[in-house]
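Below, each chain spelled out in residue letters.
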Amino acid sequence: MKIVLCLMMILSGMAAGYLKSRSYENRVLNLRDLAMCLNRVESEMGYRRDSLLLVFRRVGKRNENSAERFFFAVSEGMEENPGADFEDIWRDAAGFIYGENTASFSPSDMELLTGFGKVLGKTDFEYQKPFFSEMHRLLREHIEEAEIERGSKGKVYQGLYIAVSAAGAIILF
């Protein structure tokens, strides 16, 4: 009976460590998805020259990842509140999709995303190209940081949870 309980403790520790480390993996995936969708937004704006509402709706229509859900939420906010400030709609959608309880964005990731909403749509596309370039550069930096964090902290949490559960099993045994 004690052996089964010890094995259950160790397996529970492994599962808890995996779940804790998963948030670091999710951050990398969410940032990569955001970078990909931002490329799509930039391409759509450059070639089709449609309104932001149509561009965001088209980019977000597949609704397969957080970034696509974000752009779809922005388009819905724009459609439901045509007179509302774009920056507020962008910030609300970022909070809804990437907020504290729904994703693994760091505060600096949220600051980067909401900051981009302050400049997007303020001028014509030609004048926004430098902002897109800067956003891409900053996103690459955030992705690199997230990958380093995933490699170090993710493994530490997995090992820590296993070690604590194994120590508890040894004490119990």
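Below is a short write-up of the structure. (Residues numbered from 1 in each chain as written. Predicted model: local features only at pLDDT ≥ 70, side-chain atom pairs only at ≥ 80, totals over all residues. Heavy atoms only, no water.)

**Digging into the overall build of the protein chain**
Secondary structure summary: the protein chain contains 6 helices and 0 strands in total. Moving toward the C terminus, one meets the helices and strands of the protein chain in the order α-α-α-α-α-α. Here the C-alpha radius of gyration of the protein chain, 21 Å, is well above what a compact globule of 173 residues would show, namely 16 Å. Its C-alpha atoms give the protein chain principal-axis dimensions of roughly 70 × 30 × 25 Å. In the protein chain, which comprises 173 residues, the proportion classed as buried is 38%. Restricting the contact set of the protein chain to residue pairs at least 6 apart, pairs at least 24 apart contribute 65%. Taken as a whole, the protein chain presents about 10100 Å² of accessible surface, with 59% of it coming from carbon and sulfur. For the protein chain, the separation between the mean place of its 22 positive charges and that of its 25 negative charges on side chains is 6 Å. (Helix = DSSP H or I, 4+ residues; strand = E, 2+ residues; numbered from the N terminus. Rg over C-alpha atoms; globule rule 2.2 N^0.38 Å. Buried < 20%, exposed > 50% of the residue type's maximum accessible area, 1.4 Å probe, protein only. Contact = heavy atoms within 4.5 Å. Areas by Shrake-Rupley, 256 points an atom, 1.4 Å probe, with all protein chains shown as cover. Lys, Arg positive; Asp, Glu negative; His and termini not counted. Charge placed at Lys NZ, Arg CZ, Asp CG, Glu CD.)

**A short note on the nonpolar core**
Counting residues in each nonpolar core, the largest one holds 37 residues, and the members touching the most others are Phe56, Phe70, Phe71, Val74, Trp90, Tyr98 and Leu113. Secondary-structure elements contributing two or more residues to this core are helix 1 (2–47), helix 2 (52–60), helix 3 (66–80), helix 4 (86–98), helix 5 (107–119) and helix 6 (125–172). Considering every element that reaches this core, the biggest residue donor is helix 1, with 8 residues. Excluding its chain neighbours within four sequence positions, the residues that come into contact with Val74 are Phe56, Phe86, Ile89, Trp90 and Ala93. (Core = buried A, V, L, I, M, F, W, Y, C linked by side-chain atoms within 4.5 Å.)

Worth remembering: the numbers are spatial, not functional.
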